[in-house]
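The residues making up each chain are set out below.
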Amino acid sequence: MSEESPDGVDLTLIRWTLSLTPLERLELLQDWVDGLTELRRGRVTER
Amino acid sequence: MGSRSSGVAESPSVKFLGLLRALLRHGVDFLVVGGVAAQLEGAPIVTFDLDVLYDKAPENLDRLLAALRELKARYRDPAGRHIEPDLGKLETLRTHLLLTELGALDVLTAIGEGSTYQDLVGRTVLYELGEMRVRVLELAAVIESKKQANRDKDRAALPTLLQALAMKDRLRQDD
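Residues numbered from 1 in each chain as written. Chains lettered and ligands numbered in written order. Predicted model: local features only at pLDDT ≥ 70, side-chain atom pairs only at ≥ 80, totals over all residues. Heavy atoms only, no water.

A. Up close: the overall build of chain B. Secondary structure summary: chain B contains seven helices and seven strands in total. Each helix and strand of chain B, placed in order from N terminus to C terminus, yields the pattern α-β-α-β-α-β-α-β-β-α-β-β-α-α. Along the first, second and third principal axes, the C-alpha atoms of chain B reach 50 × 30 × 30 Å. Of the roughly 7,900 Å² of accessible surface on chain B, a fraction of 49% belongs to carbon and sulfur atoms. Seen as two clouds, the 24 positive and the 26 negative side-chain charges of chain B have centres 3 Å apart. (Helix = DSSP H or I, 4+ residues; strand = E, 2+ residues; numbered from the N terminus. Areas by Shrake-Rupley, 256 points an atom, 1.4 Å probe, with all protein chains shown as cover. Lys, Arg positive; Asp, Glu negative; His and termini not counted. Charge placed at Lys NZ, Arg CZ, Asp CG, Glu CD.)

So, in structure tokens, the structure goes:
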């Protein structure tokens, strides 16, 4: 279950991000960006 | 979030490590700032470009230009013109919003209310990213720059950045 701050910030995600190494944090960002870019381009095929 | 209207759909997805590697290979003196700095500092922020603040020393401009040429950088021009960076532009303009073969790269001489490389190099953290060592603006300074820039996307990111900074401080106190 995720924990949120009163202003709606996902504290669980922050805690998890902080547990990663800097390289892992950058790789995580790269994964997010690659996924979102594919979605924006409409290249994700329906299953 | 750092989305741009100037071409994510038609531009290559940004490759953060590849861009950093190219800048370092040419010996460019730069600081990672913006959303990537926030992410490296542990604040989960999505951004579609790499923002770097560069030192305007003449020899560094030469190195930066060489890196940008290798990356086939051109300005993200809404009119679609092909305009490449050159020494004159790197020396005089504050903001260069570029598209490279490895995605969007913003190279800047100042952020926020005019803070330069020299102003901020003392507020950085040196991170090892695999074989690379990269200077990254510390989260508190990223927050200050976002507050000063005060664009919609900066204001939207602030709650996450502030919560991450508070959590980092708590973790530091617990150690």
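Here the narrative resumes.
B. Layout of the overall build of chain A. On a plain count of helices and strands, chain A comes out with two helices and zero strands. Every one of the 47 residues in chain A was classed for burial, and the buried ones make up 32%. Surface summary for chain A: the accessible area is close to 3,300 Å², and the carbon and sulfur share equals 52%. (Buried < 20%, exposed > 50% of the residue type's maximum accessible area, 1.4 Å probe, protein only.)

C. Region of the structure containing the pattern of salt bridges. All names here are of chain B. Inspection of every chain in the model, using the stated rule, returns 17 salt bridges over all chains. The partner of Asp106 in a salt bridge is Arg76, with the nearest N and O atoms 3.0 Å apart. With a gap of 30 residues between them, Asp106 in strand S5 (residues 103-108) and Arg76 in the loop between strand S3 (74-75) and helix H4 (87-92) connect regions that are remote in the sequence. For the residue pair Asp106 and Arg76, the accessibility class agrees, reading buried in each case. When the shortest N-O distance is used, the salt bridge between Asp154 and Arg151 registers 2.6 Å. It is possible to trace a salt-bridge network through shared partners that takes in Arg123, Glu138 and Glu144. (Salt bridge = Lys/Arg side-chain N within 4 Å of Asp/Glu carboxyl O.)

D. Main features of the environment of Val33 of chain B. Residue and element names in this part refer to chain B. Mapping Val33 onto the fold places it in strand S1 (residues 30-33). Judged by its relative accessible area of 2%, Val33 is buried. Considered as a pair, Val33 and Glu91 are 58 residues apart in the sequence and their alpha carbons are 19 Å apart.

E. Expanded view of the pairing of strand S6 (residues 124-129) of chain B. Residues and elements named next belong to chain B. Here S6 runs beside strand S7 (residues 132-137); their pairing, made up of six bridges, is antiparallel. Within the sheet, the bridge partner assigned to Tyr127 lies in S7 and is Val134. Between S6 and S7, which pair antiparallel in sequence order, lie two residues; one of them, Gly130, sits at a positive phi of approximately 65°. (Pairing = 2+ DSSP bridges.)

F. Representation of unusual backbone geometry in the model. Residues and elements named next belong to chain B. Look at Lys72: it is not a glycine, yet its phi comes out positive at around 55°. Mapped onto the fold, Lys72 is located in the loop between helix H3 (58-70) and S3. By relative accessible area, which is 56% here, Lys72 ends up exposed. Of note in the backbone geometry, Asn150 takes a positive phi value of approximately 55° without being a glycine. Structurally, Asn150 can be placed in the loop between helix H6 (139-149) and helix H7 (152-174). Judged by relative accessible area, Asn150 falls into the partly exposed class, the value being 42%.

G. Representation of H7 of chain B. The end-to-end C-alpha separation of H7 of chain B is 34 Å, in line with the 33 Å expected for 23 residues at 1.5 Å each. Along H7 of chain B, the helix axis deviates most sharply at Leu158 of chain B, where the bend reaches about 40°; the proline Pro159 of chain B sits within four residues downstream. Within H7 of chain B, burial applies to Asp154, Ala157, Leu158, Thr160, Leu161, Gln163, Ala164, Met167 and Lys168 of chain B. For H7 of chain B, the elements touching its buried residues are helix H1 (11-19) of chain A together with helix H2 (34-40), S6 and H6 of chain B. (Expected span 1.5 Å × (residues − 1). Bend = angle between axes of the 7 residues up to and from the residue. Contact = heavy atoms within 4.5 Å.)

H. How the structure looks around the nonpolar core. Core analysis: the biggest nonpolar cluster contains 61 residues, and Leu20, Val32, Leu50 and Leu161 of chain B have the highest contact counts within it. Here Leu20 of chain B is in contact with Leu26 of chain A together with Phe30, Val32, Leu50, Leu129, Met132 and Val134 of chain B, once residues within four sequence places are set aside. (Core = buried A, V, L, I, M, F, W, Y, C linked by side-chain atoms within 4.5 Å.)

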